[in-house]
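Each chain, written out:
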Number of protein chains: 2
Amino acid sequence: MLRTHTCGELTIENKCTKVTLCGWIQRSRDLGGMTFIDLRDRYGITQLAFNMEVNAQLCEKARQLGREYVIKVTGSVIERSNKNLKMSTGEIEILVDEIEVLNESKTPPFTIEDNTDGGEELRMKYRYLDLRRNILKKNLELRHKMSIETRKYLNSLDFIDIETPVLIKSTPEGARDFVVPSRINAGEFYALPQSPQTFKQLLMIAGYDRYYQIVRCFRDEDLRADRQPEFTQIDCEMAFVTQEDILTTFEGLAKYLFKNVKGLEIHDFPRISYSDAMKYYGSDKPDIRFDMKFVELNNIVKGKNFKVFDDAELVVGICAKGCGEYSRKQLDELTEFVKRPQVGATGLVYLRYNNDGTLKSSVDKFYDEDLLKKWAEAFDAKPGDLILILAGAAEKTQIALSCLRLEMGNRLGLRSPNKYAPLWVVDFPLLEWDEETKRFYAKHHPFTSPKPEDIPLLDTNPSEVRANAYDMVINGVEIGGGSIRIHDKMLQKKMLNTLGFSDEEAQIQFGFLMNAFEYGAPPHGGVAFGFDRWCAVFGGSDSIRDYIAFPKNNAARDIMIDSPAKISSLQLDELNIIVKDIVNKK
Amino acid sequence: MLRTHTCGELTIENKCTKVTLCGWIQRSRDLGGMTFIDLRDRYGITQLAFNMEVNAQLCEKARQLGREYVIKVTGSVIERSNKNLKMSTGEIEILVDEIEVLNESKTPPFTIEDNTDGGEELRMKYRYLDLRRNILKKNLELRHKMSIETRKYLNSLDFIDIETPVLIKSTPEGARDFVVPSRINAGEFYALPQSPQTFKQLLMIAGYDRYYQIVRCFRDEDLRADRQPEFTQIDCEMAFVTQEDILTTFEGLAKYLFKNVKGLEIHDFPRISYSDAMKYYGSDKPDIRFDMKFVELNNIVKGKNFKVFDDAELVVGICAKGCGEYSRKQLDELTEFVKRPQVGATGLVYLRYNNDGTLKSSVDKFYDEDLLKKWAEAFDAKPGDLILILAGAAEKTQIALSCLRLEMGNRLGLRSPNKYAPLWVVDFPLLEWDEETKRFYAKHHPFTSPKPEDIPLLDTNPSEVRANAYDMVINGVEIGGGSIRIHDKMLQKKMLNTLGFSDEEAQIQFGFLMNAFEYGAPPHGGVAFGFDRWCAVFGGSDSIRDYIAFPKNNAARDIMIDSPAKISSLQLDELNIIVKDIVNKK
């Protein structure tokens, strides 16, 4: 090694030792008689000292070195006169005898500090410099730790890590695939996996019993803020299990990670059905760090000539504890908030429970004090509370109120990133009806098993069929989900028929899986976790991008390497494809 | 769980316990009064017993079940009368009370046995059945163990596992890229990585110091027997290191794996220069499980009117100990062997050192006994040995003799898969001249550093420049290789110029890396191991395909899922590409 020690390990114990360190110049300070340099590497920062009186030439040399120069220094560990006890190396410094410049550096386009002056675009372009920042390094270290502990837990339970192929086959179901033209098989394409779903099921059929993989997956979607075209899953599958076994096993994983990565003991996860999640939180990924459950008011508010409520499919509200003194301005802000297109409500009705016990509502010309009392009772409201009510079409109103609930949670400081409230959402519907294409889609995926008792409904009322499907949610973020799978060929065929596949189409697309079901498929089920997102939640962040070493931007571009890019006509020829004339489009 | 125990864990200790097992029917035997079923799962085989006298109905039911049916049985653990001490469960059997058929099975297209009757094509098509065979299961378990131990070793040395992107950018250097058309950026393409080379270098520039990843890589090559279009690498990089540090660290990894996976203590690896490897073994990946080094004869054999030798650039041979009694037929076989197109020699000269001390050669009309004695001395041959000599153009002859050497190693049983002889090959040439395109190519890759003392030769004699590059070889198989990288922008530019890139082309292709070199790039280097191949070598096999769960065939097809395949015109439209009319080609 070019060094004897790293920049993070020397302490007062090493006093008088002769050492060689390598690293980057974080900053230097010229104090006349002395020059100090903070030398940084992955492991920490060590202060270098140069004394004008002891070695003027060397001190002058040190003064010439700019930020981010890479240097190698040799010197003696000495005790600092001015100790910094916040740093592990803060009691010592190196009195330098020799400097070697290993590489120079231009002045970086932004400062390598926790609070950098670089904008997002610039930092993405120079990602290798952004990654020098402590904050991103901590994120990648957290990710590494998560990966180590996940493997440790799953290995200890006899899960076997098996790699599945990346060059697979396009399926029309689900999101768009990325495809890869084949040169050897002209006119044909591989697809990149959206998940190893069918392969892990085949591994169960092959008898592997417990499988996992931390695996890259791909979706060619129009990007949203927290999506990436490539992302990583913790992908797992088990045979000879019930839903209960899966929930227990992976609740175990989550608790293990909470303990070993975050140092937190977490109690058993509450479980809530999909329909209750929608009813009480208006969301299938409720943030239960705070309560503030929905209360339905249809029976209480209707028939009093307030047309908005009388016409509404659903009148529903929340009670914000201690917000009874909200000003007119604050209430107007909330009204503006719910009217935003992303939230989608048309207006907001409030009921203020004053500290003196009186009640004040925006609609009190329709409802007298006695009626309003009943509202307050429905919410179990106390003096000093504020009740916020939305009305309209059921699902739309639930979603809008869910946004308002989260907003109130933010305003009341109930959503601390350091508090964790995980839960399971269970009993998802098997199917979703799409008005546009007039067909059912699989809510989870086409291999999810209906609850046995609901199978007859597939013929009579498919939208009522519940699935053996479950999601793990932490702090309002869906961390992962899974299901018990269909392992019976006839049921799988029926499911694909329900999704609009003819028998022939089903055979072409999923024939290998349906055939496999004929050779002794065991009951099985599994789960997949969004690894990037789990890391972000554990890091207390909303942005998965900060937990990926080299992410793409919202236009699916890597602006550092400038990809995607044009390829040569020779490559196109070999691949037997032509790019359409796109001059007109650009 | 549907079971209380697995099929691999019950012993005489569990006698009288009531248990429930799940698994596949390996085979059943009907012995009149009794029926026995071998029930198999991932963990082992347990014998089930059904007694006609105790429960005739159940016994009849058991007799109806075919091979590979999936069943669940409940019963009591009893001591076997006829013990099989070769199996961990061989002292007990289950006296069954209840059977539930979890799934039926058609008769598999081949037997699920170590020696199966299925051909390669059939087994690939039904890979999920082939994977039930013990032999493939053991391979995947070995692979899992290799992965666990590799991570353990590297984690313990502060290597950090960082995931690099799969959707990157095509580069014209090296093998062909697989590409992925971008829908959002019409007319542009991502490429799949042949290795994360540039990203791991950027991570060193970003200060991550020690990086690793067990990562999928892709090469669109015309396939050879032991190549796959997608394959897995153990990819590593370190900063502030010399070549010696890398060799020590990864020799450490290899020894750790030998010990913890194979239970073998391995001594320090010999190191041999590329030029010596070619001189003594005719190969840059010599199998040194046996000696049989090349001996050059130019000085001894020339000038005796034997035209073949006189005209040859190189006359070189090996001594096969104890083969002096080879028959005419055996010698003819060897001559045929060397004349095969894959070997490429035009003929073979032998010298037999008879047990009586006399010498017999195929060319003894040109060389008398005294001269032949000198040959024998050059090889340090003893009575009973056989010397085999080839002659011709130097490189071609070395390669042919290398094939013959391995063939003799096979014939003499010197290449046992249970014996391991690892080594380092070092001091590779930096560049290779290609006659066809009349340019130099990087022997390793364009980022490999020349040895500092050889840099001046880049201008005068590029083919003589040695690189700081090294390969790890085990039993004649290249397991991995790497190099110290260039970290200086000017040297990188010079290297790219030598490879025929103009400054502008270099900037377009590798601009992001060259720019990164301007912001404090540390000295760094690394290595990448072929994980599939390493597993195969540890498994004692030549075939990487047997160590990949879902491999592709030699036409790069996955015949189980039938991929690659055509995609819909809608997909092509969205991707802005057209498939050329290939009707005429097909």
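Preceding this paragraph is the structure being described.
Residue and element names in this part refer to chain A. Within the secondary structure, K61 sits in helix α1 (residues 56-63). Take K61: its relative accessible area is 38%, and that puts it in the partly exposed class. Taking the C-alpha atoms as reference points, K61 and F50, eleven residues apart in sequence, are found 9.7 Å from one another.

Now for the packing of helix α5 (residues 197-205) of chain A against helix α15 (residues 503-516) of chain A. Residues and elements named next belong to chain A. At their nearest, the axes of α5 and α15 sit 10 Å apart, and the two run at 20 degrees to each other. The orientation of α5 relative to α15 falls into the category roughly parallel. Crossing of α5 over α15 shows left-handed handedness. Of the residues in α15, those touching α5 at T198, Q201, L202 and I205 are F512, L513 and A516. When the residues that make up the contact of α5 with α15 are grouped by side-chain class, the tally is five nonpolar, two polar and no charged.

What follows concerns the relation of the copies chain A and chain B. Expressed as a screw operation, the relation of chain A to chain B combines 0.0 Å of axial shift with a rotation of 180 degrees, fitting to an RMSD of 0.0 Å. Taken together, these values place the two copies in the relation of a two-fold axis. A shared binding surface is used by both copies, with 100% of the interface residues of chain A retained as interface residues in chain B.

Residue and element names in this part refer to chain A. Of all eight residues that make up strand β2 (residues 34-41), seven are buried, and the element is covered over most of its length. As judged from the six bridges shared by strand β1 (residues 18-30) and β2, these two strands associate in the antiparallel manner. Counterpart to W24 in the pairing with β2 is R40. Bridge analysis of β2 against strand β3 (residues 44-51) gives eight bridges, and the strand direction is antiparallel. Bridge pairing in β3 links L39 to T46.

Residues and elements named next belong to chain A. Among the seven residues that make up strand β13 (residues 314-320), seven are buried, leaving the element largely enclosed by the rest of the structure. Every second residue of β13 is oriented toward a common face, with L314, V316, I318 and A320 on one face and V315, G317 and C319 on the other, all of them buried. In the sheet, strand β12 (residues 295-296) pairs with β13 via two bridges, with the strands oriented antiparallel. Of the residues in β13, the one forming a bridge with V295 is G317. In the sheet, β13 pairs with strand β16 (residues 386-392) via seven bridges, with the strands oriented antiparallel. Looking across to β16, one finds that L314 is bridged to G392.

Residues and elements named next belong to chain B. Along helix α7 (residues 274-281), the residues that are buried comprise Y274, A277, M278 and Y281. The buried residues of α7 all sit within an arc of 105 degrees when viewed along its axis, so they share a single face. Lining the buried residues of α7 we find β11 (271-273), α12 (394-411) and β17 (422-426). Taken from the residues just after α7, G282 is the one with a positive phi, measuring 65 degrees.

Calculation criteria
Residues numbered from 1 in each chain as written. Chains lettered and ligands numbered in written order. Predicted model: local features only at pLDDT ≥ 70, side-chain atom pairs only at ≥ 80, totals over all residues. Heavy atoms only, no water. Helix = DSSP H or I, 4+ residues; strand = E, 2+ residues; numbered from the N terminus. Buried < 20%, exposed > 50% of the residue type's maximum accessible area, 1.4 Å probe, protein only. Axes fitted to C-alpha atoms, helices over the stretch in contact; angles between N-to-C directions. Parallel < 35°, antiparallel > 145°, perpendicular 65-115°, else oblique. Left-handed = near helix turned anticlockwise from the far one by under 90°. Contact = heavy atoms within 4.5 Å. Nonpolar A, V, L, I, M, F, W, Y, C, P; charged D, E, K, R; others polar. Least-squares fit on C-alpha atoms with pLDDT ≥ 70 in both. Pairing = 2+ DSSP bridges. Arc of directions from axis to C-beta.

The values are spatial; any link to function lies outside them.
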